[in-house]
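# Secondary and tertiary structure notes
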Amino acid sequence: MSNYQAEVASAYMDHVDDDDDMEDVDEADDDMPASDSDVDEFDYSSNKIADTCAEQARKGKDIQGIPWDRLSITRDKYRQTRLQQYKNYENVPHSGDSSAKDCMATQKGAIFYDFWRNSRSIKSSILHFQLRNLVWATSKHDVYLMSQFLVSHYSTLTPRKHEVLNVEGHVSPSEKHPGSFLEGFTKTQVSTLAVRDNFLVAGGFQGELICKHLDRPGVSFCSRTTYDDNAITNAIEIYNKPSGALHFTASNNDCGVRDFDMERYQLVNYFRFPWPVNHTSLSPDGKLLTIVGDNPEGLLVDPNTGKTLGTLVGHLDFSFASAWHPDGLTFSTGNQDKTCRVWDIRNLSKSVAVLRGNLGAIRSIRYTSDGKYMAMAEPADFVHVYDVSKGYETEQEIDFFGEISGISFSPDTEALFIGVWDRTYGSLLEYGRRHNYSYLDSFL
């Protein structure tokens, strides 16, 4: 994401209050949300619509609780209008149209994950329209997400949420470690988030990094990656080294990728690339690192030296997402040309599959831990789940309305969570993996 794009993001946040959302669909058919920047900020005092459960959805209730029978437009008509009017953000003009010729046809209509609940009390939010990694599940019952200046934990069992980290005021580390920014930060604008097991890292617009162990009070470590004007933290990935040591990588707009050792609380690697890095992902064996950013071409590099081992050619615009399949042989990249490309390290000359979105860029990609499914999220309205074992040829298309703050499978693959950002219908969507013994649900 270039410095110009960061300025665009700032302007975007300044004018969202003037845009429309689902609350206005009954007022005028011609005045509907149509772009990445058409969702108002949340009105937290609004909680008009009750949660929707699976039983209600089976009886015909809209999963988001939208009262289509009382509106002046049908759901099908509104969907058609959204598809026609939504403006995909592109850095390379017409990249979305040009990429269509490479995309494979898929069979839609499959159901791999069943709708379970839409929780209206959970309001996830987005600070930058291109960065959508703000929802993380650590179990099928535990989800962490950004909600304005709060990182919240939501339990599907209670169901309740509680505050984990509040960055609206002053945040400073309660532990002392060499290299930690002891002064801390004030009113941090969180651009990206990562949570794994009991460890959380929040990245900010000014290069801030805030690290917290969820089983300890306070903040463990703070760092500022750079004082450059172009400092936004675009993505965080938490991982364990083969030795078991806890690490995370931070991808930044200053063209840098930094690797931190959280056993010693030290920066251990720093690599620079020719363009801003929007996302990185490490292979399961820890030997390869995918680098994507403000360049149509992606890179495969050595995570220990930063040496380029391969180049990914095929995308037509800038990329903001990547993820590895658990087999360590294939991985995927998501781009503003509306496609997700799947690559095989044994032959990087061309992608093995090209999957296309409906509205816009592919901004988030996740695989289930067993490798059976892959999910990709567009900026709004659609999450696509593919059966990897069938060559990505069959898919479940999850269709709703609202900007997507993030997607996450639970580590046991049993749940899929989707954060929806919208002033009126913002929520957390929960889906459960379908099994052949689903008839037992009647006993739950």
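Residues numbered from 1 in each chain as written. Predicted model: local features only at pLDDT ≥ 70, side-chain atom pairs only at ≥ 80, totals over all residues. Heavy atoms only, no water.

The name given to the chain in an unreviewed UniProt entry is Transducin/WD40 repeat-like superfamily protein, and the organism recorded there is Brassica carinata.

### Notes on the sheet that holds strand E11 (residues 199–204)
Within a beta sheet, neighbouring strands are joined by backbone hydrogen bonds and run either parallel or antiparallel to one another. Strand order across the open sheet formed by four strands is E10-E11-E12-E13, with antiparallel pairing between neighbours. The two strands at the open ends of the sheet, each matched to only one other strand, are strand E10 (190–196) and strand E13 (221–224). Ignoring strand direction, the axes of neighbouring strands in this sheet form an average angle of 15 degrees. Relative to E11, E10 runs antiparallel, the two being bridged by six bridges. The residue of E11 that forms the bridge with Val 195 is Leu 200. (Pairing = 2+ DSSP bridges. Helix = DSSP H or I, 4+ residues; strand = E, 2+ residues; numbered from the N terminus. Axes fitted to C-alpha atoms, helices over the stretch in contact; angles between N-to-C directions.)

### Comments concerning the pairing of strand E30 (residues 415–421)
Across the seven residues that make up E30, a large majority, seven, are buried. Between strand E29 (residues 394–409) and the antiparallel strand that follows it, E30, lie five residues; Thr 413 among them carries a positive phi value of about 75 degrees. Sheet topology places E30 next to strand E31 (residues 427–433); six bridges connect them, and they run antiparallel. Residue pairing across strands places Leu 416 opposite Tyr 431, the latter belonging to E31. Here E30 hands over to E31 after five residues, the two strands then running antiparallel side by side. (Buried < 20%, exposed > 50% of the residue type's maximum accessible area, 1.4 Å probe, protein only.)

### Observations concerning unusual backbone geometry
Comment: phi is negative for the bulk of residues other than glycine, and the bulk of peptide bonds are trans. Along the chain, Thr 158 connects to Pro 159 via a cis peptide bond; the corresponding omega equals -20 degrees. Of note, Pro 159 is situated in the loop between strand E6 (150–155) and strand E7 (160–166). Even without being a glycine, Gln 148 presents a positive backbone phi close to 60 degrees. Residue classification places Gln 148 among the partly exposed positions, given a relative accessible area of 37%.

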